[in-house]
Amino acid sequence: MSSAPLPRVRPRRLRETPAMRRLVSETRIHPAELVLPIFVREGVSAPVPIASMPGVVQHSLESLPEAVADAAAAGIGGVMLFGVPEQRDARGSGATDPDGILNVATRVAVEASAGRLLVQTDLCLDEFTDHGHCGVLDDRGRVDNDATLVRYAAMGLEQARAGSELLGLSGMMDGQVAAVREALDDQDFTDVAILAYSAKYASAYYGPFRDAVESTLEGDRRSYQLDPGNRREGLREAMIDIEEGADIVMVKPAGSYLDVLADVAAASEVPVWAYQVSGEYAMIEAAAAHGWIDRKRAVIESVRGIRRAGADVVLTYWATELAGWIRNGDLA
Ligand code: PBG
């Protein structure tokens, strides 16, 4: 026998059996806490695969109802719609056209959902502009903050008229929450909620998304999205958005910004969501396709980490599939 004292404190007791581990788990994922981003492309009849996001497609208006129905059947909380228009111009006219792809898709999704899940829309001009920026440009080619607010207000109204219940403001213009809130309230859309992408970082992880929406971005977004090194500024942006009337705030991307997420979760009086973006999806899919990581375990771990850091809800391209695993009891 060794004379070393036996440990009296043994954390391993709580890890011994599956039943004990299940009981002491601090972080669970419920399907209702997941939101599925969906791309809808104008002018196609069948879904189009997205090369850099294996398993994700650009839906057609015809295939959209089934995607919404599957999501609802899986029990997830909502879908976030993105439009991929056929025509783009400098002002992003398609965004404010009632017959523009995103507004039409919203009507289709609202009908398919029939109240089973929340239909949300991305409120940003980048999918609709020919230069690919999130706003309109001034005569020197810079993104014009205040002229863009006018466009966002008009876009928000069209989305509300189409039936969107939650507007996801992802453009990172100053004053965007207040501008859209005022426009909605003026037109009696007082019940339409605002999800502010408050702390949205200028990230390399949006790469596959730009394929998904076929964006041809000229330059970069560093004059409006946050510098990846800035933690305090992420919290500040969230506080400003709450002050302006945001109903929910979001941190994006998720995985590389868990500290910002934890800060915002600790300080916020409104729900805090996180967006596990296209590049985060693509990395796990690519590594799993090579057999380098266990796909299912990595997906679950990545989403659990985001929840553990403080996200109430996670937007993830795996939402429907993950909800299926949860229902099977695969997550314990
Ligand atoms: C802007 C927007 C972007 C994403 C969501 N909304 C792209 C960007 O800011 O460049 C990225 C989402 C993802 O990468 O999954 N409309």
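Residues numbered from 1 in each chain as written. Predicted model: local features only at pLDDT ≥ 70, side-chain atom pairs only at ≥ 80, totals over all residues.

You'll find the protein chain entered in an unreviewed UniProt entry as Delta-aminolevulinic acid dehydratase, with Agromyces bauzanensis given as the organism. Under Catalytic activity (unreviewed entry), UniProt gives the following word-for-word description of the protein chain: "2 5-aminolevulinate = porphobilinogen + 2 H2O + H(+)". The protein chain has a UniProt comment under Pathway (unreviewed entry) that states "Porphyrin-containing compound metabolism; protoporphyrin-IX biosynthesis; coproporphyrinogen-III from 5-aminolevulinate: step 1/4." (UniProt positions renumbered as here; feature names shortened; annotations may be inferred.)

Asks: Could you give an account of the overall build of the protein chain, naming the residues involved and the relevant values?
Replies: Each helix and strand counted, the protein chain has eleven helices and ten strands in total. By the compact-globule yardstick of 20 Å for 332 residues, the protein chain fits well, its C-alpha radius of gyration being 21 Å. Across the 332 residues of the protein chain, 47% fall into the buried class. (Helix = DSSP H or I, 4+ residues; strand = E, 2+ residues; numbered from the N terminus. Rg over C-alpha atoms; globule rule 2.2 N^0.38 Å. Buried ≥ 20, exposed ≤ 12 C-beta atoms within 10 Å, placed from the backbone.)

Asks: Lay out the UniProt feature "binding site: Mg(2+)" (unreviewed entry) in the protein chain with the relevant residues and their values.
Replies: Sequence positions flagged by UniProt for "binding site: Mg(2+)" (unreviewed entry) are, in local numbering, E237. Topologically, E237 is positioned in helix 7 (residues 232–244). Using a count of 23 C-beta atoms within 10 Å as the deciding quantity, one classes E237 as buried. Not counting the four nearest positions on each side in its chain, E237 is found in contact with S198, A199 and L226. (Contact = placed C-beta atoms within 7 Å.)

Asks: Outline the packing of helix 4 (residues 145–162) against helix 5 (residues 176–186), listing residues and values.
Replies: It is at 9 Å that the axes of helix 4 and helix 5 come closest, and there the two elements cross at 45 degrees. Relative to helix 5, the element helix 4 lies oblique. Judged by the sense of rotation from one axis to the other, the crossing of helix 4 with helix 5 is right-handed. Contact residues: helix 4 offers L149, Y152, A153, G156, L157 and A160, while helix 5 offers Q176, A179, V180, A183 and L184. Per-class residue counts for the contact of helix 4 with helix 5 are nine nonpolar, two polar and no charged. (Axes fitted to C-alpha atoms, helices over the stretch in contact; angles between N-to-C directions. Parallel < 35°, antiparallel > 145°, perpendicular 65-115°, else oblique. Left-handed = near helix turned anticlockwise from the far one by under 90°. Nonpolar A, V, L, I, M, F, W, Y, C, P; charged D, E, K, R; others polar.)

Asks: Tell me about helix 7, and please be specific about residues and values.
Replies: For helix 7, spanning 13 residues, the distance from its first C-alpha to its last is 19 Å, which sits close to the expected 18 Å at 1.5 Å a residue. For helix 7, every residue scored as buried is listed here: G234, L235, E237, A238, D241, I242 and E244. Lining the buried residues of helix 7 we find helix 5, strand 7 (193–200), strand 8 (248–252) and helix 8 (258–267). G245 occupies a position one or two residues after helix 7 and carries a positive phi of about 110 degrees. (Expected span 1.5 Å × (residues − 1).)

Asks: Tell me about unusual backbone geometry, and please be specific about residues and values.
Replies: Between K252 and P253 the backbone carries a cis peptide bond, its omega angle lying at -10 degrees. Along the chain, the position of P253 falls in the loop between strand 8 and helix 8. The backbone of A114 shows a phi angle near 50 degrees, a positive value even though the residue is not glycine. Here A114 is to be found in the loop between helix 3 (101–113) and strand 5 (118–123). If you check the backbone angles, E214 has positive phi at about 55 degrees while not being a glycine. Relative to the assigned elements, E214 resides in the loop between helix 6 (207–212) and helix 7.

Asks: Can you tell me about the site of the ligand, naming the residues and giving the values?
Replies: What surrounds the ligand is the set D122, C124, D126, C134, S170, Y206, F209, R221, V277 and S278. When its residues are assigned to classes, the shell around the ligand shows five nonpolar, two polar and three charged. (Near = placed C-beta within 6 Å.)

Asks: Lay out the UniProt feature "binding site: 5-aminolevulinate 2" (unreviewed entry) in the protein chain in plain terms, naming residues and giving numbers.
Replies: According to UniProt, the "binding site: 5-aminolevulinate 2" (unreviewed entry) feature falls on S278 and Y317. What stands out for the annotated residues spanning 40 residues is how close their C-alpha atoms remain, the widest pair being 7.6 Å apart. The residues contacting S278, other than those within four sequence positions of it, are M53, Y205, Y206, G207, P208, F209 and A212. Note on placement: Y317 falls in the loop between strand 10 (313–315) and helix 11 (319–327). Given 26 C-beta atoms within 10 Å, Y317 falls into the buried group. Contact partners of Y317, with chain neighbours within four places excluded, come to P37, M53, V56 and Y281.

Asks: I'd like a description of the pairing of strand 8, backed by residues and values.
Replies: The element strand 8 is extensively covered by neighbouring structure, given that five of its five residues are classed as buried. Of the two faces of strand 8, the one holding I248, M250 and K252 and the one holding V249 and V251 are both buried throughout. Bridge count for strand 7 against strand 8 is four bridges, and the pairing is parallel. Directly across from K200, in strand 8, lies its bridge partner K252. The parallel pair strand 8 and strand 9 (residues 272–275) is bridged by helix 8, and the resulting crossover is right-handed. (Pairing = 2+ DSSP bridges. Right-handed = clockwise from strand over helix to strand, strands pointing away.)

Asks: Residues and numbers for the pairing of strand 1 (residues 34–41), please.
Replies: The buried fraction of strand 1 amounts to eight of the eight residues, a majority that puts the element mostly inside the structure. Neither face of strand 1 is open: one carries L34, L36, I38 and V40, the other V35, P37, F39 and R41, and all of them are buried. Across two bridges, strand 1 lies against strand 10 in parallel orientation. Looking across to strand 10, one finds that L34 is bridged to V314. When strand 1 meets strand 4 (residues 78–84), the two strands line up parallel, connected through seven bridges. Its bridge partner being in strand 4, P37 is matched across the sheet by M80. Both strand 1 and strand 3 (residues 57–59) contribute to a ladder of two bridges, which runs parallel. In the strand pairing of strand 3, V40 is matched with H59.

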